[in-house]
Amino acid sequence: MPAQNEVSAHGNDRPAVFAELVGQDDIVEYLRTSVATDRPSHAWLFTGPPGSGRSNAAKAFAAALNCDVTDPRARGCGSCRSCAMITAGTHPSVATVSTDNVTYRIEDVRALVTTAQDRPQGARWRVIVIEDADRMTERATNVLLKAIEEPPPHTIWILCAPSPADVLITIRSRCRLVSLRIPPTDAVAQLLVDRDGLQPEQAHFAARVSQNHIGMARRLARDAEARSRREAVVTLPLRITTSSEAVQAAGTLVQTSQADAASSSAERLSREQTALRRSLGLEPEEKIPAKLRSQFKKLEEESTRREKRAVADSLDRALIDLTAVFRDVLSVKLGADVELINDHLRAELTAYAQEQSAEDALACLDAIVAARQRITQNVPPLLAIEALMMRFITARGSDRQATRP
């Protein structure tokens, strides 16, 4: 990849589709160079932590590959017919695939492999972007492996995952790796100012507390309810002092996540059932014939899987926010000269830090990691969160007890 000082020379003429990849100048230059070649690699793996923009980078790369502009270095204009269709998700030769389920279904992967054999329509390349490739089971990955090993000359695969280790080595060894990083706070804030018209102070706050996750920063800046929910989560360790409060807090957190997921899932299931009735020629209140019930049962099963993932994702986001709290506590304990992620709670965090040792703060961070892992391993969410909240209780006050004469 080019060095940072080489890339900066191209910063002002960056194609429009790459505009949101802030703080990733070396990656943008690398992708632009690949677009300009006659034969870019047939398989790519875009990695990066949540908020790094790996999915946005993959879609921008897909647009640049098929841009109508003649000059290879200028491809990715964002305004030609191909760029507009790819950005809108309507281009017939570019597919962006994601799953609302816990894992990808093997039949969905087989369908993608079949699609990959088709020649592109009105484009240079048929591009298939697979978001959350880490959610593929080993069986599904093996189906994909054959297509990547022997790809059609006109097809490019782009897989997205948090890290290379989240994808089987047989897949990642055949892919060109693109590693994105979390963009700087100032870069995310400036994007929110330029793109969304936010005030600088508001944009900086949203960027900081979202830990530079562009999508989450925008949501927090615009949605007062989202800010309120986050505030309730990050102040939990500061508020709970007894075992009963810890158990109650865990129950409230899990119930809120489950209620939000159930509501969203029910609305989507209703829309899907209505559409299915219409396609089958059934009236809204008409009884479903026995021979058609399996189709409606399939919708319900998919809805249940989506709801399970939505609960896990919601809890994971809450646990990431709690991680920020204890990073702040450690910064205060160690006297680090850094801006706290939750700087608006500095006084409360300083008081809380006096009640525990640095070792206990680290133990709480470890407990959060353990809770995240348990939830992904099908431990009942309530049990995982209750254990975490109880760890917060045991940490509280330990520093004062250790220093008591």
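Note that this is a predicted model, so its numbers are computed, not measured.

1. Quick word on the overall build of the protein
Part 1 of the argument: Within the protein, the secondary structure is distributed over 18 helices and 5 strands.
Part 2 of the argument: Relative to the globule expectation of 22 Å for 405 residues, the C-alpha radius of gyration of the protein, 24 Å, shows essentially globular dimensions.
Part 3 of the argument: Projecting the C-alpha coordinates of the protein onto the three principal axes gives extents of approximately 75 × 65 × 40 Å.
Part 4 of the argument: Partitioning the intrachain contacts of the protein with sequence separation of at least 6 by distance along the chain shows that 72% fall at a separation of at least 24.
Part 5 of the argument: If you sum the accessible surface of the protein, you get close to 20,000 Å²; carbon and sulfur atoms cover 51% of it.
Part 6 of the argument: Each charge class in the protein can be summarised by its mean position, and for the 52 positive and 52 negative side chains these summaries are 5 Å apart.

2. What to know about the UniProt feature "domain: AAA+ ATPase" (unreviewed entry) in the protein
Part 1 of the argument: In the numbering used here, UniProt assigns the feature "domain: AAA+ ATPase" (unreviewed entry) to residues 40–183.
Part 2 of the argument: Annotation note: span residues 40–183, helix share 33%, strand share 17%, distance between end C-alpha atoms 26 Å.

3. With respect to the pairing of strand 4 (residues 155–161)
Part 1 of the argument: Of all the 7 residues making up strand 4, 7 are buried; the element is thus mostly covered by neighbouring parts of the structure.
Part 2 of the argument: Along strand 4, one buried face is formed by Thr 155, Trp 157, Leu 159 and Ala 161 and the opposite face, lined by Ile 156, Ile 158 and Cys 160, is buried too.
Part 3 of the argument: As defined by bridge partners, strand 3 (residues 126–130) adjoins strand 4 across 5 bridges and the pair is classed as parallel. Across the sheet, residue Arg 126 finds its bridge partner in strand 4, namely Thr 155.
Part 4 of the argument: With helix 6 (residues 138–149) bridging strand 3 and its parallel neighbour strand 4, the resulting β-α-β unit is right-handed.

4. Some words on the pattern of salt bridges
Part 1 of the argument: Under the defined criterion, the tally for this structure stands at 20 salt bridges.
Part 2 of the argument: The partner of Lys 297 in a salt bridge is Glu 301, with the nearest N and O atoms 3.8 Å apart. Of the two residues, Lys 297 and Glu 301 both sit in helix 14 (residues 293–333), 4 residues apart, roughly one turn of that helix.
Part 3 of the argument: For Glu 301, a relative accessible area of 36% gives the class partly exposed.
Part 4 of the argument: A salt bridge links Arg 372 to Asp 316; the nearest nitrogen and oxygen atoms lie 2.7 Å apart. Of the two residues, Arg 372 is situated in helix 16 (residues 358–376) and Asp 316 in helix 14; the sequence distance between them amounts to 56 residues.
Part 5 of the argument: Residue class for Asp 316 comes out partly exposed when judged on its relative accessible area of 24%.
Part 6 of the argument: Each member of the salt-bridge network shares a partner with another, and the members are Glu 20, Arg 195, Asp 196, Arg 218 and Arg 222.

5. A look at helix 11 (residues 224–234)
Part 1 of the argument: Every buried residue belonging to helix 11 is among Ala 226, Arg 230, Val 233 and Val 234, and all of these are buried. Along the axis of helix 11, the buried residues cluster in a sector spanning 90°; they form a single face.
Part 2 of the argument: Sitting at the head of helix 11, Asp 223 places a side-chain oxygen 2.9 Å from the backbone nitrogen of Glu 225.

6. Quick word on the packing of helix 5 (residues 106–116) against helix 6
Part 1 of the argument: One way to put it is that helix 5 packs onto helix 6 with a least axis distance of 9 Å and a crossing angle of 5°. The angle between helix 5 and helix 6 falls in the class roughly parallel. In this structure, helix 5 uses Ile 106, Val 109, Arg 110 and Val 113 to contact helix 6, whose residues at the interface are Arg 139, Ala 140, Val 143, Leu 144 and Ala 147.
Part 2 of the argument: When the residues that make up the contact of helix 5 with helix 6 are grouped by side-chain class, the tally is 7 nonpolar, no polar and 2 charged.

7. Let's talk about the packing of aromatic side chains
Part 1 of the argument: Under the definition given, this model contains 6 aromatic pairs.
Part 2 of the argument: An angle of 35° between the planes, with centres 5.0 Å apart, marks the rings of Phe 326 and Phe 392 as tilted. Here Phe 326 is found in helix 14, whereas its partner Phe 392 is found in helix 17 (residues 381–395), with 66 residues between them in sequence.
Part 3 of the argument: With relative accessibility at 0%, the residue Phe 326 sits in the buried group.
Part 4 of the argument: With relative accessibility at 1%, the residue Phe 392 sits in the buried group.
Part 5 of the argument: Each member of the aromatic cluster is reached from another via a ring pair, and the members are Tyr 30, Trp 44, Phe 46 and Phe 61.

8. A few points about the nonpolar core
Generally speaking, nonpolar side chains in soluble globular proteins are found buried as a group.
Part 1 of the argument: Within the largest apolar cluster, 40 residues are counted, with the highest numbers of intra-cluster contacts made by Phe 326, Met 389 and Phe 392.
Part 2 of the argument: For this core, the secondary-structure elements that each account for two or more residues are helix 11, helix 12 (236–239), helix 13 (243–280), helix 14, helix 15 (346–353), helix 16 and helix 17.
Part 3 of the argument: For this core, the element with the highest residue contribution is helix 14, accounting for 9 residues.
Part 4 of the argument: If near-sequence neighbours (up to four positions away) are discounted, Phe 392 is found in contact with Pro 237, Ile 240, Leu 322, Phe 326, Tyr 352, Cys 364 and Ile 368.
Part 5 of the argument: Val 28, Cys 80, Trp 125 and Ile 158 belong to the second largest nonpolar core, which has 31 residues in total.

What counts as what
- The numbers attached to residues start from 1 for each chain and follow its sequence in the written order.
- For this predicted model, a pLDDT threshold of at least 70 governs which residues receive local features, and a threshold of 80 or more governs which side-chain atom pairs are given and counted, while totals over whole chains, interfaces and linings are taken from all residues.
- Only heavy atoms go into the side-chain values, all of them from the structure, while hydrogens and water stay out.
- Each helix is a run of DSSP H or I of at least 4 residues and each strand a run of E of at least 2, with the numbering of both proceeding from the N terminus.
- Put simply, the radius of gyration uses C-alpha atoms, and a globule should come to 2.2 Å times the residue count raised to 0.38.
- In this description, contact between two residues means that some pair of their heavy atoms is separated by no more than 4.5 Å.
- Note on areas: Shrake-Rupley with a 1.4 Å probe; residue coverage comes only from the protein chains shown.
- Under the counting rule used here, the positive set is Lys and Arg, the negative set is Asp and Glu, and His together with the chain ends is not counted.
- For charged residues, the charge sits on one atom: NZ in Lys, CZ in Arg, CG in Asp, CD in Glu.
- UniProt positions are given in the numbering used here, feature names are shortened, and annotations may be inferred rather than shown by experiment.
- Note on classification: 1.4 Å probe, protein chains only; a residue is buried when its accessible area is under 20% of the maximum for its type, exposed when over 50%, partly exposed between these limits.
- For two strands to be treated as a pair, DSSP must find at least two bridges joining them.
- Seen with its strands pointing away from the viewer, a crossover is right-handed if its path from the first strand over the helix to the second goes clockwise.
- Salt-bridge detection follows one rule: a side-chain nitrogen of Lys or Arg within 4 Å of a carboxyl oxygen of Asp or Glu.
- Here, the arc refers to the directions that run from the helix axis to the C-beta atoms.
- Pairs of N or O atoms within 3.5 Å make up the polar contacts considered here, provided that, within protein, one atom can donate a hydrogen while the other can accept it, and that residues adjacent in sequence are counted only when both atoms are side-chain atoms.
- Note on geometry: axes are C-alpha line fits, over the in-contact stretch for helices, and angles between N-to-C directions span 0 to 180 degrees.
- Note on angle classes: values under 35 degrees are labelled roughly parallel, values over 145 roughly antiparallel, values of 65 to 115 roughly perpendicular, and the remainder oblique.
- Amino acids outside the nonpolar list (Ala, Val, Leu, Ile, Met, Phe, Trp, Tyr, Cys, Pro) and the charged list (Asp, Glu, Lys, Arg) are all regarded as polar, and Gly is one of them.
- What counts as a ring pair is set by centres within 6.5 Å for rings of Phe, Tyr and Trp (its six-membered ring), and what kind of pair is set by the plane angle: stacked under 30 degrees, edge-to-face over 60, tilted for all other angles.
- Side-chain atoms within 4.5 Å link the members of a nonpolar core, which is a set of buried Ala, Val, Leu, Ile, Met, Phe, Trp, Tyr and Cys residues.

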